[in-house]
Amino acid sequence: MKVILLQDVKGQGKKGQLIEASDGYARNFLLPRKLATAATAENLNTMKQQEKARLAQEAAERAAAMELSEQLKGCMVKISAKAGNGGKLFGSVTSKEVSDALKAQFGHDIAKTKIVMPEPIKSFGTYQLKCKLGYEITGTINVVVCEEA
């Protein structure tokens, strides 16, 4: 019996996959637990439509990530911080502060978890931080840390 999986089923397949299952397994386990639905012509068409919509949405998200990556190249984020003797900061500049400054100065909303900082910024200067935008697309954020007036 051919069925379309509605959820991931261990040992059988992933959600949205068309599989061949034995009649008893499908009727007694998959169908009553709403893990699968029978592979009728209508259900197959619905599955194909959903797959098309998912691919279109993925392409749109990928294009948006590429556009954001290009926009980030021209952004120079300025962060002011307090410092003691020798230009050492009190505390450090975190990815949350970079994310907030990026949103306030340029309107780009990037989550702090997507900003990659090898180590916290603890002194004044110019830094380049990587930003994971999804779909193996990365952007570069230029950050300038200056003394608070």
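Residues numbered from 1 in each chain as written. Predicted model: local features only at pLDDT ≥ 70, side-chain atom pairs only at ≥ 80, totals over all residues. Heavy atoms only, no water.

Engineer: Can you walk me through the packing of aromatic side chains in this structure?
Structural biologist: What characterises a pair of aromatic rings is the spacing of the ring centres plus the angle enclosed by the ring planes. Per the counting criterion, the structure on display carries one aromatic pair. Between the aromatic rings of tyrosine 25 and phenylalanine 29, the centroid separation amounts to 5.3 Å while the plane-to-plane angle is 15 degrees, which identifies the pairing as stacked. Here phenylalanine 29 and tyrosine 25 lie together in helix α1 (residues 23-30), a separation of four residues that amounts to about one turn. A relative accessible area of 27% means that tyrosine 25 is categorised as partly exposed. Residue phenylalanine 29 is classed as partly exposed on the basis of its relative accessible area of 29%. (Phe/Tyr/Trp six-rings, centres within 6.5 Å; stacked < 30°, edge-to-face > 60°. Helix = DSSP H or I, 4+ residues; strand = E, 2+ residues; numbered from the N terminus. Buried < 20%, exposed > 50% of the residue type's maximum accessible area, 1.4 Å probe, protein only.)

Engineer: Whenever I open this one, the sheet that holds strand β9 (residues 137-147) confuses me. Can you help?
Structural biologist: Adjacent strands of a sheet form backbone hydrogen bonds with each other and so pair up, either parallel or antiparallel. Spatially, β4-β9-β8-β6 is the arrangement adopted by the four strands of the open sheet, whose pairing is mixed. This sheet does not close on itself; its edge strands, each paired only once, are β4 (76-81) and β6 (115-116). By the bridge criterion, nine bridges tie strand β8 (residues 125-134) to β9 in an arrangement that is antiparallel. Of the residues in β9, the one forming a bridge with glycine 125 is valine 145. Strands in contact with helix α2 (residues 41-73) are β8 and β9; relative to β9, the strand with the most contacts, it is inclined by about 30 degrees. Against the sheet, helix α3 (residues 95-106) makes contact with β4, β6, β8 and β9, and its axis sits at roughly 120 degrees relative to β4, the strand it touches most. (Pairing = 2+ DSSP bridges. Contact = heavy atoms within 4.5 Å. Axes fitted to C-alpha atoms, helices over the stretch in contact; angles between N-to-C directions.)

Engineer: When you look at unusual backbone geometry in this model, what are you seeing that I'm missing?
Structural biologist: Both trends apply: most residues other than glycine have a negative phi, and most peptide bonds are in trans. At lysine 34, a residue that is not glycine, the phi angle is positive and equals roughly 55 degrees. Within the fold, lysine 34 resides in the loop between α1 and β3 (36-38). Take lysine 34: its relative accessible area is 59%, and that puts it in the exposed class.

Engineer: Explanation requested: the pattern of salt bridges in the structure shown.
Structural biologist: For side chains bearing opposite charge, pairing can occur when the charged atoms are close. Using the criterion set out here, one finds five salt bridges in the structure. In this structure, the salt-bridge partner of lysine 103 is aspartate 109, at a minimum N-O distance of 3.9 Å. (Salt bridge = Lys/Arg side-chain N within 4 Å of Asp/Glu carboxyl O.)

Engineer: Looking at this structure, how should I read the sheet that holds β3?
Structural biologist: In spatial order, the strands read β2-β1-β3; together these three strands make up an open sheet with antiparallel pairing. Single-partner strands in this sheet number two, and they are β2 (18-20) and β3. Here the strands of the sheet are splayed against their neighbours by 40 degrees on average, with no regard to which way each runs. Set on the sheet, α2 makes contact with β1 (2-5), β2 and β3; between it and β1 the angle comes to about 35 degrees.

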